[in-house]
Amino acid sequence: MHDSFRSTGTGTGDPDHRIPVVVHAADPISRAGVISQLRSHPAIDLRDEAETGPGTVAVLIGETLDETTFTRLRRVVRGEGARAVLVVSAVREAELLDVIECGVGAVVWRREATAPRLLQAVLAASRGDGDLPADLLGRLLSQVGTLQRSADGRTGAPATGLTAREVDVLRLVAEGLDTAEIAGKLSYSERTVKNVMHGLTTRLYLRNRAHAVAYALREGYI
């Protein structure tokens with residue numbers, strides 16, 4: 001089972017569009033396995049590691065998160081402009097928001113890394129959406145509650161950052177609703193929801209929906 005910040009399918013919406021994907025792993029067996037899983041899908045254009053850059057999706061494979069992994073994440077996302085999918089066995093509680101703030105929108109547990117699951121995560125990352133396993137999303141929502149209680153003790157609200165409409169949208173994103181569901185809840189059009197997300201991520205230099213949720217949590221908006 002898994003959940004996501006936005007529903008994901010297996011189509012790209014454009015049959016002529018192929019997603020450039022680069023697979024990074026210290027372990028050559030793991031790298032070969034993921035490449036084998038993705039190679040057969042027509043939407044995927046596998047590239048060499050040296051070709052990581054803007055517009056590519058970087059799939060990073062590891063057992064656990066360490067400083068080397070975080071350094072690699074920051075390099076491929078912030079330095080090279082790629083969108084990241086993280087394939088790991090576990091994420092500790094203290095690492096969760098750090099992972100998201102590194103620019104990771106999609107996480108796949110190694111035990112669940114089947115071809116369909118990897119493809120779904122790559123498609124989500126290519127669109128800038130979030131795609132988290134259900135248990136990881138549950139832990140993120142738990143942190144929402146903890147940070148909300150902390151924020152309730154603050155004097156006043158942040159003076160700059162998010163508008164009330166942006167907070168409303170992000171709160172529903174954090175709850176796992178997709179664009180259509182958010183539009184229905186707030187009586188907006190789907191285009192309005194997309195414009196709200198685009199506006200706040202552009203203005204605040206946030207990389208994706210997951211990063212926007214992490215920002216809102218850190219600042220005590222939600």
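Because the structure is predicted, anything quoted here is derived from the model rather than measured. (Residues numbered from 1 in each chain as written. Predicted model: local features only at pLDDT ≥ 70, side-chain atom pairs only at ≥ 80, totals over all residues. Heavy atoms only, no water.)

This part takes up the packing of helix H7 (residues 179–186) against helix H8 (residues 190–203). The geometry of H7 relative to H8 is characterised by a closest axis approach of 8 Å and an angle of 105 degrees between their N-to-C directions. Between H7 and H8, the interaxial angle falls into the category roughly perpendicular. In this structure, H7 contributes Thr 179, Ala 180, Ile 182 and Ala 183 to the contact, and H8 contributes Glu 190, Val 193 and Lys 194. (Axes fitted to C-alpha atoms, helices over the stretch in contact; angles between N-to-C directions. Helix = DSSP H or I, 4+ residues; strand = E, 2+ residues; numbered from the N terminus. Parallel < 35°, antiparallel > 145°, perpendicular 65-115°, else oblique. Contact = heavy atoms within 4.5 Å.)

Two aromatic rings, taken as a pair, are described by how far apart their centres are and by the angle between their planes. Applying the stated rule across the entire model yields one aromatic pair. Here the guanidinium or amino end of Arg 165 rests over the ring plane of Tyr 188, the centre of that ring lying 5.8 Å away. (Phe/Tyr/Trp six-rings, centres within 6.5 Å; stacked < 30°, edge-to-face > 60°. Lys NZ or Arg CZ within 6 Å of the ring centre and 35° of its normal.)

Another aspect to go through is empty space enclosed by the protein. Tallied over the full model, the rule gives one cavity of 30 Å³ or more. One number sums up the size of the largest cavity: a volume of about 40 Å³. Lining the largest cavity are Arg 83, Ala 84, Gly 103, Gly 105, Ala 125, Gly 128, Asp 129, Arg 207 and Asn 208. Residues of the lining of the largest cavity, tallied by class, amount to two nonpolar, four polar and three charged. (1 Å grid on protein atoms, 1.4 Å probe; cavity = no way out; pocket = protein on both sides within 12 Å on 5 of 7 lines; lining within 4 Å. Points joined across faces, edges and corners; volume = space filled by probe spheres on them. Nonpolar A, V, L, I, M, F, W, Y, C, P; charged D, E, K, R; others polar.)

For the rest of this paragraph, the subject is the layout of surface pockets. As a volume, the largest pocket reaches approximately 410 Å³. Contributing to the lining of the largest pocket are 17 residues, with Arg 83, Arg 127, Gly 128, Arg 207 and Asn 208 lying nearest its centre. Broken down by element, the lining of the largest pocket gets its largest block of residues, four residues, from H8.

Attention now moves to helix H9 (residues 209–218). Of all the 10 residues making up H9, nine are buried; the element is thus mostly covered by neighbouring parts of the structure. All of the buried residues along H9 are Arg 209, Ala 210, His 211, Ala 212, Val 213, Ala 214, Tyr 215, Ala 216 and Leu 217. Regarding H9, its N-cap is Asn 208, as a side-chain oxygen of that residue lies 3.2 Å from the backbone nitrogen of Ala 210 further along. Immediately beyond the C-terminal end of H9, within one or two residues, lies Gly 220, with a positive phi of roughly 80 degrees. (Buried < 20%, exposed > 50% of the residue type's maximum accessible area, 1.4 Å probe, protein only. Polar contact = N/O pair within 3.5 Å; in protein donor to acceptor, adjacent residues only side chain to side chain.)

Where a strand is regular, its side chains alternate between the two sheet faces. With seven of seven residues buried, strand E1 (residues 19–25) is to be regarded as a mostly interior element. Burial along E1 is two-sided: the residues Ile 19, Val 21, Val 23 and Ala 25 and Pro 20, Val 22 and His 24 are all buried. As defined by bridge partners, E1 adjoins strand E2 (residues 44–47) across four bridges and the pair is classed as parallel. Bridging from a neighbouring strand, Ile 19 pairs with Ile 44 of E2. As a crossover connection, the stretch from E1 through helix H1 (residues 28–39) into E2 is right-handed. In terms of strand pairing, E1 meets strand E3 (residues 57–61) through five bridges, oriented parallel. Pairing of Val 22 across the sheet is with Ala 58, part of E3. (Pairing = 2+ DSSP bridges. Right-handed = clockwise from strand over helix to strand, strands pointing away.)

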